[in-house]
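A closer look at the structure
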Amino acid sequence: MFEKFCDVLCLEKDFITVEINPPHGASIDNLIADIKKYDLQNKVSGFSCTDNPLAKLKMSGVLSAIKVQQEFGKPVIATMSMRDKNKLSLQSTLLGANDFDLRCILALTGDPAKFSDQPEVKGVLERDSTLLLSIIYHLNNGVDYSNKPLNPAPKPIYPFAVSNSYAKDMKQLQKRMIKKLNYGARAIITQPVYDMENAKELLALFEEAKEISVRETAKEAQLVLGQFPIVRARTANFIDDKVPGISVPKPIIDEMNLAAMDGEAKEQEVGFALSKAIFDDVMKAHGKVHLMTHNRFDLCAELIG
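Keep in mind the model is a prediction, meaning the values are calculated, not measured.

Brief notes about the packing of helix 8 (residues 233–242) against helix 9 (residues 250–260)
Here helix 8 crosses helix 9 at 150 degrees, and the two axes come no closer than 8 Å. As summarised for this structure, helix 8 and helix 9 are arranged roughly antiparallel, according to the angle between their axes. Of the two elements, helix 8 crosses helix 9, and the hand of that crossing is left-handed. Two secondary-structure elements touch here, helix 8 through A233, A236, N237 and D240 and helix 9 through I253, M256, N257 and A260.

Section: the packing of aromatic side chains
Throughout the structure, instances matching the rule amount to two aromatic pairs. On the numbers, 5.2 Å between centres and 50 degrees between planes, the contact of F5 with F15 is tilted. One end of the pair, F5, is in helix 1 (residues 2–11); the other, F15, is in strand 1 (residues 15–20), with ten residues separating them in the sequence. Summarising the burial analysis for this pair, F5 and F15 share the class buried. With centroids separated by 5.6 Å and ring planes inclined at 35 degrees, the aromatic side chains of F47 and F72 adopt a geometry described as tilted. One end of the pair, F47, is in strand 2 (residues 46–49); the other, F72, is in helix 3 (residues 61–72), and 25 residues separate them in sequence.

Things to note about the nonpolar core
Within the largest apolar cluster, 66 residues are counted, with the highest numbers of intra-cluster contacts made by I20, L40, F47, V68, L132 and L291. Setting aside residues no more than four positions away along its own chain, F47 makes contact with V18, I20, I35, L40, Q41, V68, F72, P75, V76 and I77. Ranked by size, the runner-up nonpolar core spans 14 residues in total, among them I230, A233, A236 and I252.

Examining unusual backbone geometry
Between N151 and P152 the backbone carries a cis peptide bond, its omega angle lying at 0 degrees. Looking at where P152 falls in the secondary structure, it is placed in the loop between helix 5 (129–140) and strand 5 (158–163). For D101, which is not a glycine, the phi torsion comes out positive at approximately 65 degrees. Phi is positive for E120, which is not a glycine, with a value near 55 degrees. As for its placement among the helices and strands, E120 is situated in the loop between strand 4 (104–108) and helix 5.

A few points about the side chain of S213
Within the element layout of this structure, S213 appears in the loop between helix 7 (196–212) and strand 7 (222–227). Overall, S213 belongs to the buried group, its relative accessible area being 6%. A distance of 2.7 Å separates a polar atom in the side chain of S213 from a polar atom in the side chain of N182. In terms of polar contacts, S213 uses its side chain to reach the backbone amide nitrogen of R215, at 3.2 Å.

Some points on the pairing of strand 7
Within strand 7, six of the six residues are buried, which leaves it mostly tucked inside the rest of the structure. Burial of strand 7 is two-sided: the residues Q222, V224 and G226 facing one way and the residues L223, L225 and Q227 facing the other way are all buried. Judged from the four bridges that link them, strand 6 (residues 187–192) and strand 7 form a sheet pairing that is parallel. Its bridge partner being in strand 7, I188 is matched across the sheet by L223. You can see the chain leave strand 6, run along helix 7 and come back into strand 7, and the turn it takes is right-handed. Pairing between strand 7 and strand 8 (residues 288–291): three bridges, direction parallel. Paired with L225 across the strands is V289, a residue of strand 8.

Cut-offs and rules
- Residues numbered from 1 in each chain as written.
- Predicted model: local features only at pLDDT ≥ 70, side-chain atom pairs only at ≥ 80, totals over all residues.
- Heavy atoms only, no water.
- Axes fitted to C-alpha atoms, helices over the stretch in contact; angles between N-to-C directions.
- Helix = DSSP H or I, 4+ residues; strand = E, 2+ residues; numbered from the N terminus.
- Parallel < 35°, antiparallel > 145°, perpendicular 65-115°, else oblique.
- Left-handed = near helix turned anticlockwise from the far one by under 90°.
- Contact = heavy atoms within 4.5 Å.
- Phe/Tyr/Trp six-rings, centres within 6.5 Å; stacked < 30°, edge-to-face > 60°.
- Buried < 20%, exposed > 50% of the residue type's maximum accessible area, 1.4 Å probe, protein only.
- Core = buried A, V, L, I, M, F, W, Y, C linked by side-chain atoms within 4.5 Å.
- Polar contact = N/O pair within 3.5 Å; in protein donor to acceptor, adjacent residues only side chain to side chain.
- Pairing = 2+ DSSP bridges.
- Right-handed = clockwise from strand over helix to strand, strands pointing away.

What follows is the structure, encoded as structure tokens:
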């Protein structure tokens, strides 16, 4: 299953994953039912499950990923945040997940604990996400982080990493790509892109990063372009003003602001049309997309068509 997943990622044109945000509750069954409602499992290459984004309490991303993967028989990328776990916990979780055949891991540093909705939460954060990539490198060589042999050795783990989609100095963004490729990332998923010039620049930077990287696995690494459809003007304005590492072009913001003046229905109609256009353009030019919709699986299904 995972070998085919990686073959699709590396060799085939169309590769689409959809992000699932586990619930603030004790069951993911309602989200699974919603995915089935829109037959999304038959329209995508796989899914991903987040790990307490914005440090807000959610059901375990790893356990959610195991359940979704078993339900649909499709690979799920489990996000693991450095914020909440030390290297002992990270290794233990990876080994346990491996026994359930959960083997795609997205390494994140994680949003700061100060954003949490839980009282007096303290981050662990022994290091940034490269520590997790390094741990995975060790496990893939049959040893733990202290180089002690593992018996039995885990099945191959496929590490993913993330990147901003925009920076004032795009070369600095490229340096971070190189660092993650050097630590063994097999793919890098970007923050959302909203125009093709941004997408093309990222792809060019990534190809250069692959050539510069010292890691052999970088040669087959892939860039997956993030997509977050905007159907509300306030969302477009918030992302552009407040979310680091993403740029929403001014023409899109202006068009969304004008549409909002004509009511919510018009606003959503225009927003979806703009989102569909960039999604189609990215799929045509690159074909590797990660959809983030805050569990709007209806929106995912409409975009994919």
